[in-house]
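# Structure at a glance
Spelled out from the first residue to the last, the chains are:
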Amino acid sequence: MIDKRLVPFNGLKKEPFSGSHHGMRYLLSGDDGKNSTTFTVYIYPEPWCFEQTAPEQIQSASFPLSEEGMDQAMDWLKERYESEKERWTSAAQGMMHIT
C-alpha cells in the first residue's frame, strides 16, 4: 500500500501529503502548522479531490507526529482499505465512467 518512508512526516508541518490506492484516496495533514505535534489522516473514495468530496464520505483519524504515529497511521490505512475493499474497488471502477 503506502511505504511510510515515502511520506515526509516532518514535512506535514508545512504541507499536506496525498495519494491514492486502488480507489481509496488519502490525505495526511499536520494539525497545527509549524507547531504540529499531531496529524490527521483522511480517507475518501475516488474520483474527486478532498475539497469536492461529500463530508459524509470522508473518514479520519489523528495520530502523534512521530515515527510511532506514522506506523499507527499506516496500520489504520491498511485496516480501512481491507475492511472496505469492495467500496474502494467500486470507486476505482466507477471513476472510469466519469466525464
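Worth saying up front: this structure is predicted, and the values here are computed from it rather than measured.

Across the sheet, four strands lie side by side as 1-2-3-4; this open sheet has antiparallel pairing. Every other strand in the sheet has two partners, leaving strand 1 (17-21) and strand 4 (59-64) as the edge strands with one partner each. Sheet twist, expressed as the average angle between the axes of neighbouring strands with direction ignored, equals 20 degrees. Where strand 3 (residues 38-45) and strand 4 come together, six bridges link them in antiparallel fashion. Counterpart to Thr38 in the pairing with strand 4 is Pro64. Contacts between helix 1 (residues 67-83) and the sheet are confined to strand 1, strand 2 (24-30), strand 3 and strand 4, with strand 4 contributing the most and set at about 160 degrees to the helix. This element, helix 2 (residues 85-94), spans strand 2, strand 3 and strand 4 of the sheet and lies at about 65 degrees to strand 3.

Parameters and conventions
Residues numbered from 1 in each chain as written. Predicted model: local features only at pLDDT ≥ 70, side-chain atom pairs only at ≥ 80, totals over all residues. Heavy atoms only, no water. Pairing = 2+ DSSP bridges. Helix = DSSP H or I, 4+ residues; strand = E, 2+ residues; numbered from the N terminus. Axes fitted to C-alpha atoms, helices over the stretch in contact; angles between N-to-C directions. Contact = heavy atoms within 4.5 Å.

Just distances and angles here, no functional claims.
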